[in-house]
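Residue strings, one per chain:
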Amino acid sequence: MNNVEITDAVLVRKYMDGSEAALSKLITRHQHRIYSFIFSKVFDRDVAEDIFQDTFIKVINTLKRGKYNEEGKFLPWVMRIAHNLVIDHFRRNKRMPKFDNSGDFNIFSVLSDSDLNIETQIIKDQIENDVKELIKELPEDQLEVLTMRIYKDMSFKEISERTGVSINTALGRMRYALINLRKIIEKHNLVLTN
Amino acid sequence: MGKLYTKKLSKKDQLKNLEPKKETVAFLLNYSKALRVVDCQGIKFGAILN
């Protein structure tokens, strides 16, 4: 005749009087409903586990401090705590959104960092400095056209007006400047790649 | 694309038989055993005793 289930209120009273077994019974009795409720909101086992744990830590702290007012509503009270912690969780994540990269789709396959890292930036600077040194080896007329075209971004029409030669001559000087640069690079076995 | 041989549970099925890990429950019970609340002139302090 010991089939009568002890009510939550009695278990809570026993726990507050020092019976740890009462807490174990309360958790066992309600863990499914509380955990399912949390999981149905967050859909993440780990997060649900954390919130479930935090919920019962609050429950334990409140009961041990004797702040709990028994009104026969233990489960709704615990559910309310869990609900508030779920809201806190979403508020936190709204402030600092987390991207879950655990699925088949990898976000980094479509997102890339276009900025150069420190190493590639140093290499790029070195190459640009090397090219500037190489250009100084060119004949004066070719150097002038190449500098205006590449570094000052002038059109061939502007170059021809500035230097007093025809556009075709300017184009020819640019062509020879590039050919000569390639020759210098090959001659010195220079590698100018990033 | 590799084939998936495991059946993906629907959200309804996922909610069935959901329970926290035993470790979580054990942690809570141990936490409860270790927690002592000391009443000092009306102010209550919590202390974790190992």
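Values in this document were obtained by computation on a predicted structure and should not be read as measured data.

(A) Examining the overall build of chain A more closely. Of the regular secondary structure elements, chain A holds eight helices and zero strands. In sequence order, chain A lays out its α and β elements as α-α-α-α-α-α-α-α. Across the 194 residues in chain A, those meeting the buried criterion constitute 30%. Intrachain contacts of chain A at a sequence separation of at least 6 include 53% that bridge at least 24 residues. Put simply, chain A shows about 13400 Å² of open surface, and 51% of that area lies on carbon and sulfur atoms.

(B) Up close: the pairing of strand S1 (residues 35–40) of chain B. All names here are of chain B. Two elements, S1 and strand S2 (residues 43–48), share six bridges in a ladder whose sense is antiparallel. Bridged to Asp39 within S2 is Lys44. Once S1 ends, the chain turns through two residues before running back antiparallel as S2, passing Gln41 with a positive phi of about 50°.

(C) Structural detail: unusual backbone geometry. Residues and elements named next belong to chain A. Of note in this structure, Phe43 is not a glycine but carries a positive phi near 50°. Located in the positive-phi region is Asp153, a residue other than glycine, with phi close to 55°. In this structure, Asp153 sits in the loop between helix H6 (140–151) and helix H7 (156–163). Relative accessible area serves as the criterion here: at 63%, Asp153 is assigned to the exposed category.

(D) Here's a closer look at the nonpolar core. Counting residues in each nonpolar core, the largest one holds 37 residues, and the members touching the most others are Ile27(A), Ile34(A), Ile38(A), Phe52(A), Phe56(A) and Phe74(A). Contributions of two or more residues to this core are made by helix H1 (8–16), helix H2 (20–42), helix H3 (45–64) and helix H4 (74–95) of chain A together with helix H2 (22–34) of chain B. Sequence-distant contacts of Ile38(A), defined by excluding residues within four places in its chain, comprise Ala48(A), Ile51(A), Phe52(A), Thr55(A), Ala82(A) and Val86(A). Ranked by size, the runner-up nonpolar core spans 14 residues in total, among them Leu134(A), Met148(A), Ile159(A) and Met174(A).

(E) Examining the interface of chain A and chain B more closely. Taken residue by residue, the interface counts 24 residues in chain A and 23 residues in chain B. A buried area of about 2200 Å², summed over both sides, lies between chain A and chain B, and 65% of it is on carbon and sulfur atoms. The largest per-residue losses of area from chain A upon contact with chain B belong to Glu49(A), Lys64(A) and Arg65(A), which jointly make up 25% of the total buried on that side. Our count for the contact surface shared by chain A and chain B stands at nine residue pairs in polar contact (both at pLDDT 80 or more). Elements represented by at least two residues in the side of chain A that touches chain B include exactly H2 and H3 of chain A. Its residues assigned to classes, the side of chain A that touches chain B comprises 10 nonpolar, seven polar and seven charged.

(F) How the structure looks around the packing of aromatic side chains. Residue and element names in this part refer to chain A. Counted according to the given criterion, the structure contains seven aromatic pairs over all chains. Ring geometry for Tyr68 against Trp77: centres 4.5 Å apart, planes inclined by 40°, an arrangement best described as tilted. Accessibility expressed as a relative area gives 22% for Trp77, which makes it partly exposed. Measuring from ring centre to ring centre gives 6.1 Å for Phe74 and Trp77, while their planes differ by 55°; the resulting arrangement is tilted. Within this pair, Phe74 and its partner Trp77 are both found in helix H4, separated by three residues, close to a single helical turn. Since its relative accessible area comes to 2%, Phe74 is described here as buried. Ring pairs connect the aromatic residues Tyr35, Phe52 and Phe56, which therefore count as one cluster. Here the basic side chain of Arg45 rests over the ring of Phe39, its NZ or CZ set 5.8 Å away from the ring centre. In this structure, Arg175 packs its charged tip against the face of Tyr176, placed 5.7 Å from the ring centre.

Definitions and cut-offs
Just so you know, the residues in each chain are numbered from 1, in the order the chain's sequence is written. Each chain takes a letter, starting from A, and each ligand takes a number, starting from 1, following the order in which they are written. This being a predicted model, a pLDDT of at least 70 is required before a residue's local features are given, and a value of 80 or more before pairs of side-chain atoms are given or counted; all residues contribute to the totals for chains, interfaces and linings. The side-chain figures draw on all heavy atoms in the structure; neither hydrogens nor water molecules are used. By the criteria applied, helices consist of DSSP H or I runs no shorter than four residues and strands consist of E runs no shorter than two, each listed in order from the N terminus. For each residue, the accessible area found with a 1.4 Å probe, counting protein chains only, is set against the maximum for its type, and the residue is called buried under 20%, exposed over 50%, and partly exposed in between. Residues are treated as being in contact if the distance between any of their heavy atoms lies within 4.5 Å. The method behind every accessible area is Shrake-Rupley, applied with a 1.4 Å probe, and residues are considered shielded solely by the protein chains displayed. At least two bridges found by DSSP between two strands is the condition for calling them paired. Buried residues of nine kinds, namely Ala, Val, Leu, Ile, Met, Phe, Trp, Tyr and Cys, make up a nonpolar core once their side-chain atoms join them within 4.5 Å. Throughout, the accessible surface (probe 1.4 Å) given up by two parts as they are put together, summed over both, is called the buried area. Here a polar contact is recorded for every N or O atom pair within 3.5 Å, except that within protein the pair must consist of a potential hydrogen donor and a potential acceptor, and residues adjacent in sequence are included only if both atoms are side-chain atoms. Residues are grouped as follows: Ala, Val, Leu, Ile, Met, Phe, Trp, Tyr, Cys and Pro are nonpolar; Asp, Glu, Lys and Arg are charged; every other residue, Gly included, is polar. Side-chain rings of Phe, Tyr and Trp (the six-membered ring for Trp) are treated as a pair once their centres are within 6.5 Å; stacked means planes under 30 degrees apart, edge-to-face means over 60, and tilted covers the remaining angles. In this scheme, the term charge over a ring applies when either NZ of a lysine or CZ of an arginine sits within 6 Å of the ring centre and within 35 degrees of the ring normal.

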